Amino acid sequence: MIQAKFTIKESHIEFIEQYKQYGFKDKSDVVRAALDHLSSELAKQRLMESATLYAEVYEEDDETKEWTDASLSEWTA
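Please read all numbers here as calculations on a predicted model, not as lab measurements.

## Digging into the overall build of the protein
Stage number 1. Within the protein, the regular secondary structure consists of 3 helices and 0 strands.
Stage number 2. Ordering the α and β elements of the protein from the N terminus gives α-α-α.
Stage number 3. Relative to a compact globule of 77 residues, whose C-alpha radius of gyration would be 11 Å, the protein shows 23 Å and is clearly more extended.
Stage number 4. The buried share of the protein, taken over its 77 residues, is 5%.
Stage number 5. Just so you have it, the protein exposes about 7,200 Å², and 56% of that area is on carbon and sulfur atoms.
Stage number 6. Of the charged side chains in the protein, 9 are positive and 17 negative, and the gap between their average positions amounts to 20 Å.

## Topic: the packing of aromatic side chains
Stage number 1. On inspection of all chains with the given rule, the structure shows 1 aromatic pair.
Stage number 2. Arranged with centres 5.0 Å apart and planes meeting at 35°, the rings of Phe-15 and Tyr-22 form a pair that is tilted.
Stage number 3. Residue classification places Phe-15 among the partly exposed residues on the basis of a relative accessible area of 40%.

Conventions we followed
- Residues numbered from 1 in each chain as written.
- Predicted model: local features only at pLDDT ≥ 70, side-chain atom pairs only at ≥ 80, totals over all residues.
- Heavy atoms only, no water.
- Helix = DSSP H or I, 4+ residues; strand = E, 2+ residues; numbered from the N terminus.
- Rg over C-alpha atoms; globule rule 2.2 N^0.38 Å.
- Buried < 20%, exposed > 50% of the residue type's maximum accessible area, 1.4 Å probe, protein only.
- Areas by Shrake-Rupley, 256 points an atom, 1.4 Å probe, with all protein chains shown as cover.
- Lys, Arg positive; Asp, Glu negative; His and termini not counted.
- Charge placed at Lys NZ, Arg CZ, Asp CG, Glu CD.
- Phe/Tyr/Trp six-rings, centres within 6.5 Å; stacked < 30°, edge-to-face > 60°.

Written as structure tokens, this is what we have:
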């Protein structure tokens, strides 16, 4: 694995040092899990923002509603 050097707050160090209490094998595992979680949450946020934007466009575009409704009625028939 690649190593990186960075600066964190004392409270972060105190949390990381409790890695065994949270079931992690080492301090690096805590940091990797936190980064994976943050990455996943940011991806979910981008997806939700995209869905909201598409919903707004859909609500404002009558032509899109028409062909979507037509497709749905054919698909469910």
